[in-house]
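Summary of structural features
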Amino acid sequence: MTALRQRKEIKVSNVYEDYPSQEEEEELERQLLAVYSGRGLWKILSYMIGGTIGLCIGFLTSIYLATLHENDLWFSNIKEVEREISFRTECGLYYSYYKQMLQAPTIMKGFHGLINDNKTESMRTINILERMNIYQEVFLSILYRVLPIKTYLEPVYFYIYTLFGLQAMYVTALYVTSWLLSGTWLSGLLAAFWYVINRIDTTRVEFTIPLRENWALPFFAVQIAAITYLLRPHLQPLCERLTLLAVFISTFLFSLTWQFNQFMMLMQALVLFILDCLNMLPTVKVTWLYVIQVASLLLVCALQFFNSMILGSLLISFNLSVLIARKFQKNLKTGGFLNRLGKLLFHLALVLCLTVCLNTFIKHFLNLKSDEHIFKFLKAKFGFGATRDFDANLYLCEEAFGLLPFNTLERLSHTLLFYAYMFVLSVMVMVAVIVALRNLSDSTKVQFIVLKPGTAYNLMHSILFGCLAFSTMRMKYLWTSHMCVFASFGLCSSDIWELLLKLVHLYTPKRMKMMRYSVPVLILIYLCYKFWPGMMAELSELREFYDPDTVELMNWIKSNTPRKAVFAGSMQLLAGVKLCTGRTLTNHPHYEDKGLRERTKEVYQIYAKRSPEEVYSLLRSFGTDYVILEDSICYERRHNRGCRLRDLLDIANGHVMDGPGENDPDLKPAEHPRFCEEIKRNLPSYSAHFTRVFQNKTFHVYKLSRHK
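Residues numbered from 1 in each chain as written. Predicted model: local features only at pLDDT ≥ 70, side-chain atom pairs only at ≥ 80, totals over all residues. Heavy atoms only, no water.

As recorded in an unreviewed UniProt entry, the chain goes by the name Dpy-19 like C-mannosyltransferase 3, listed as coming from Monodelphis domestica. Recorded under Subcellular location (unreviewed entry), the UniProt text for the chain is reproduced unchanged: "Membrane". In the Sequence similarities (unreviewed entry) part of its UniProt record, the chain is described as follows: "Belongs to the dpy-19 family." (UniProt positions renumbered as here; feature names shortened; annotations may be inferred.)

Okay, structure coming up:
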């Protein structure tokens, strides 16, 4: 039987109480829109302020460095020959090609003169564009010809202002990289300020302007910034393609402007390889970066008339080996910890074997020996046997190719950079180890510890280039500038402060933000208080270029020798001779050619214990008309015994070195006295071949006799 039940009354008011009214919805939408609009406007304003500060600090750094250069040399007031002499050693050689292009009647004749050059190396016609990285000088010379600036800007100023302008781009790129990593432009400001106050250890542009690294490193910094952005997840396809284009252009320009590009990019490829194996970077993007590196080098190779040294580079062999090895091992990132570790070790062995085999085959096929001196140097440097090789010892005895001095770290500590860097590096290394072990074991533990791909790349980049800097002081400029970026990023990183505060159970969003912004601000205040007065005082110090002996020598050569005369002497001095006088050289400082290295060793017999007849015969074989002897080399005291140029020659010739000290038992006393000392006595055996035609306190010039 069905029973009827009274229907309960529905309270309409209760239903509407659960949902907001239309007016309330509109008010909520207005509030949310106001919040998001406010955040959006603040974000846009922050980008505008940060971008403006980045551009300004880059521009101010450029002006600061240019002013230091002017104040140190009084560059605007000295004579043209003094300006050119200030471009020491290989700097003068590179600048001479810029000058040569400007002096050519037309651009095409200038090109022809570089492709068929017979003044850089006597009795040889060489292609300068193939041998050296001087496309930047060619481009600038063409630009100077085309632009309507000749009436108010001298060629030398156009050249040096371009280099100082690149420094603005360099500092801005460092600023942007730090900003991308940390998420705040305050980090970029701290990085740029650290770069400037550590100028002694971050750049040497103000006193070696035309050096290749001063052209290349700004593009390298742009490339690192572009890679850091590329490694961000969830990029839009168009944005990703544009970033890849930026990476390619910057990599290509870096490769085009520096002969050591392949070694720096090999370090970069190792960074990508390690992180890819540990599953810290997306494999697709890593593959693109490998391809970009190889494509850039091959394009440079084509522009340098298929320079065999580029084709035989380890970078090309390594990158191709990695891509080939992947085809054989497609499941590297699957399985348990031991299984995956075994696969990675086998993958590493396979890549190394392929690299060695491929590189050996290419060098054998091309008969390539241009870079063998580098491997001899590395072998001796890292203790794999002593060497008597003259070229290797020449590098080993130079301070720039020695270990990083401890006082460098002292200077970096004085500005708090080294302390901050080590703090950030220690934290990030621990994070990286945890993430690597988690990736290898496919574990889900410790999920609150994360390492972004861009951060992982910059961490490994900093570690490997730090090792390079410690092993070879000249390469410290690649590391110290990145130190500024990495240290400032860490102090402004929300991830690092969040992790540290969570570890001590003090984390709140407000505390994290307070640490993130207060620490860098306090450091900036301290640095400004301590170093700003010194920077201003440095700008007020006025000096003047003074090298009367070299000026006198160059003026004498221009006035008293034929334009086609051939000069022999030290590599460093001859670069200046070519720039200031346009005379033909027997040898020069660009040391990347086996034939030139052998020729230089033979020319340097003027400082060895050889007979006048032997020295004369060697010099005349290169067409030498005049030889310049330098007292600073003949009586050198800068290096210790065993590292003086005359000692290196004695050892290579199998002769006992001068002065007290030990000698290898198989070295024998020389049959002849030292040529550079004995020739000054004007004995008949010497005067029969050499006639002194010029001398001052530093230099002695001898003219070689022309025997029938």
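Picking up where we left off.
**Brief notes about the overall build of the chain**
The helix and strand inventory of the chain stands at 33 helices and five strands. With the C-alpha coordinates aligned to their principal axes, the bounding extent of the chain is approximately 145 × 60 × 50 Å. Split into buried and exposed, the 708 residues of the chain put 53% on the buried side. Within the chain, contacts between residues separated by at least 24 positions form 71% of all contacts whose residues are at least 6 apart in sequence. Approximately 34300 Å² of the chain is accessible, and the part contributed by carbon and sulfur atoms is 63%. For the chain, the distance from the average site of its 74 positive side-chain charges to the average site of its 60 negative ones is 4 Å. (Helix = DSSP H or I, 4+ residues; strand = E, 2+ residues; numbered from the N terminus. Buried < 20%, exposed > 50% of the residue type's maximum accessible area, 1.4 Å probe, protein only. Contact = heavy atoms within 4.5 Å. Areas by Shrake-Rupley, 256 points an atom, 1.4 Å probe, with all protein chains shown as cover. Lys, Arg positive; Asp, Glu negative; His and termini not counted. Charge placed at Lys NZ, Arg CZ, Asp CG, Glu CD.)

**Thoughts on the packing of helix α8 (residues 155-182) against helix α23 (residues 476-491)**
When two helices pack together, you describe them by how their axes are tilted relative to each other and by the distance separating the axes. Packing of α8 against α23 brings their axes to within 8 Å, and their N-to-C directions diverge by 40°. Both α8 and α23 take part in a crossing whose hand is right-handed. Between α8, through Y170, L174, T177, S178, L181 and S182, and α23, the contact on the second element is made entirely by Y477, S481, V485, S488 and F489. Across the contact of α8 with α23, the residue classes break down as six nonpolar, five polar and no charged. (Axes fitted to C-alpha atoms, helices over the stretch in contact; angles between N-to-C directions. Left-handed = near helix turned anticlockwise from the far one by under 90°. Nonpolar A, V, L, I, M, F, W, Y, C, P; charged D, E, K, R; others polar.)

**Remarks on empty space enclosed by the protein**
Per the counting criterion, the structure on display carries three cavities of 30 Å³ or more. Its boundaries defined by the atoms lining it, the largest cavity holds a volume of some 90 Å³. Those elements giving two or more residues to the lining of the largest cavity turn out to be α8, α11 (212-230) and α23. Looking at side-chain class alone, the lining of the largest cavity contains eight nonpolar, three polar and no charged residues. Lining the second largest cavity we find Q167, Y170, Y195, T202, T203, R204, E213, N214, L217, P218 and Y477. Those elements that place two or more of their residues in the lining of the second largest cavity are α8 and α11. A per-element tally of the lining of the second largest cavity places α11 first, with four residues. (1 Å grid on protein atoms, 1.4 Å probe; cavity = no way out; pocket = protein on both sides within 12 Å on 5 of 7 lines; lining within 4 Å. Points joined across faces, edges and corners; volume = space filled by probe spheres on them.)

**Quick look at the layout of surface pockets**
Once rolled over the atoms, a probe with the size of a water molecule shows which space is left empty. Of the pockets and cavities examined, the largest pocket occupies roughly 1700 Å³. Forming the walls of the largest pocket are 50 residues, and the residues nearest its centre are T89, E90, E398, Q572 and R638. Examining the composition of the lining of the largest pocket, we find that five residues originate from one element, helix α27 (residues 571-581), more than from any other. Along the lines of polarity and charge, the residues of the lining of the largest pocket split into 26 nonpolar, eleven polar and 13 charged. Looking at the second largest pocket, its volume works out to about 740 Å³. Looking at the second largest pocket, it is lined by 26 residues, and the ones nearest its centre are F263, L266, I374, L378 and L468. Where the lining of the second largest pocket is concerned, the elements lending two or more residues are α13 (261-277), α16 (314-328), α17 (337-366), α18 (372-381) and α22 (453-471).

**A few points about the domain arrangement of the chain**
Its domain assignment divides the chain into domain 1 (87-116 + 124-145), domain 2 (239-492) and domain 3 (548-704). If you average the C-alpha positions of domain 2 and of domain 3, the two centres end up 40 Å apart. On the side of domain 3, 20 residues touch domain 2, which itself brings 16 residues to the contact. Taken over both partners, the interface formed by domain 2 and domain 3 buries close to 1600 Å², and the fraction arising from carbon and sulfur atoms is 57%. Joining domain 2 to domain 3, the criterion identifies two salt bridges. Among the ionic pairs, R597 bridges to D391, the shortest N-O distance being 3.9 Å. The tally of links between domain 2 and domain 3 comes to two residue pairs in polar contact (both at pLDDT 80 or more). Those elements that place two or more of their residues in the side of domain 2 that touches domain 3 are α18 and α19 (390-396). No other element matches the five residues that α19 contributes to the side of domain 2 that touches domain 3. Partitioned by chemical class, the residues of the side of domain 2 that touches domain 3 number seven nonpolar, four polar and five charged. (Domains from an automatic or database assignment. Buried area = accessible area lost by both parts, 1.4 Å probe. Salt bridge = Lys/Arg side-chain N within 4 Å of Asp/Glu carboxyl O. Polar contact = N/O pair within 3.5 Å; in protein donor to acceptor, adjacent residues only side chain to side chain.)

**Section: the sheet that holds strand β1 (residues 566-568)**
Taken together, five strands build an open sheet; the order of strands is β2-β1-β3-β5-β4 and the sheet is mixed. Each edge of the open sheet is held by one strand with a lone partner, namely β2 (584-585) and β4 (690-695). Of the pairings in the sheet, the one linking β4 to strand β5 (residues 699-704) comprises five bridges and is antiparallel in character. The residue of β5 that forms the bridge with F694 is V701. Here helix α26 (residues 548-560) sits on the sheet and contacts β1, β3 (626-630), β4 and β5; the angle it forms with β5, its principal contact strand, is near 20°. (Pairing = 2+ DSSP bridges.)

**Focus on the pairing of β3**
The buried fraction of β3 amounts to five of the five residues, a majority that puts the element mostly inside the structure. Here β3 shows two buried faces, one formed by Y626, I628 and E630 and the other by V627 and L629. Pairing between β1 and β3: two bridges, direction parallel. Directly across from A568, in β3, lies its bridge partner V627.

**Details of the pattern of salt bridges**
Scanning the model with the defined rule gives 34 salt bridges in all. Taking the shortest distance from any N to any O, the salt bridge between R131 and D593 comes out at 3.9 Å. In this pair, R131 sits in helix α6 (residues 128-131) while D593 sits in the loop between β2 and α28 (594-603), placing the two residues 462 residues apart along the sequence. Taking the relative accessible area as the measure of exposure, R131 reaches 16% and is therefore buried.

**Things to note about the state of the cysteines**
Inspection of the entire model under this criterion finds two disulfides. Paired by a disulfide, C397 and C643 hold their sulfur atoms 2.1 Å apart. Disulfide C397-C643: the torsion about the S-S bond is -75°, which places it as left-handed. Taken together, the residues span a long stretch of sequence, with C397 in the loop between α19 and α20 (406-414) and C643 in the loop between α30 (631-634) and α31 (645-653) at a distance of 246 residues. Between the sulfur of C634 and that of C676 lies a disulfide, 2.0 Å long from S to S. Taking the torsion about the sulfur-sulfur bond, which here is approximately 80°, the covalent link between C634 and C676 counts as right-handed. Here the residue C634 occupies a position in helix α30, and C676 occupies one in helix α32 (residues 675-678), the gap between them amounting to 42 residues. Sequence-ordered numbering of the bonded cysteines in the chain yields a pairing of 1-3, 2-4. (Disulfide = S-S within 2.5 Å.)

**Overview of α28**
Taken together, the buried positions of α28 are L596, R597, R599, T600 and V603. Seen from one end, α28 has its buried residues packed into an arc of 165°, which puts them on one side. A side-chain oxygen of the first residue of α28 lies 3.2 Å from the backbone nitrogen of G595; this N-cap is D593. (Arc of directions from axis to C-beta.)

**Brief notes about the nonpolar core**
In this structure, F87, Y159, W194, W258, L478, V577 and I628 are the most contacted members of the largest nonpolar core, which totals 172 residues. No other element matches α8, which puts 15 residues into this core. Core analysis: the second largest hydrophobic core is formed by 32 residues, Y604, Y616, V627 and Y702 among them. (Core = buried A, V, L, I, M, F, W, Y, C linked by side-chain atoms within 4.5 Å.)

**Description of the confidence of the model for the chain**
For the chain, the mean per-residue pLDDT works out to 89, and 92% of the residues sit at or above 70. The low-confidence segment residues 1-20, where pLDDT is below 50, has one contact with residues more than four positions distant or belonging to other chains. (pLDDT = per-residue confidence, 0-100.)

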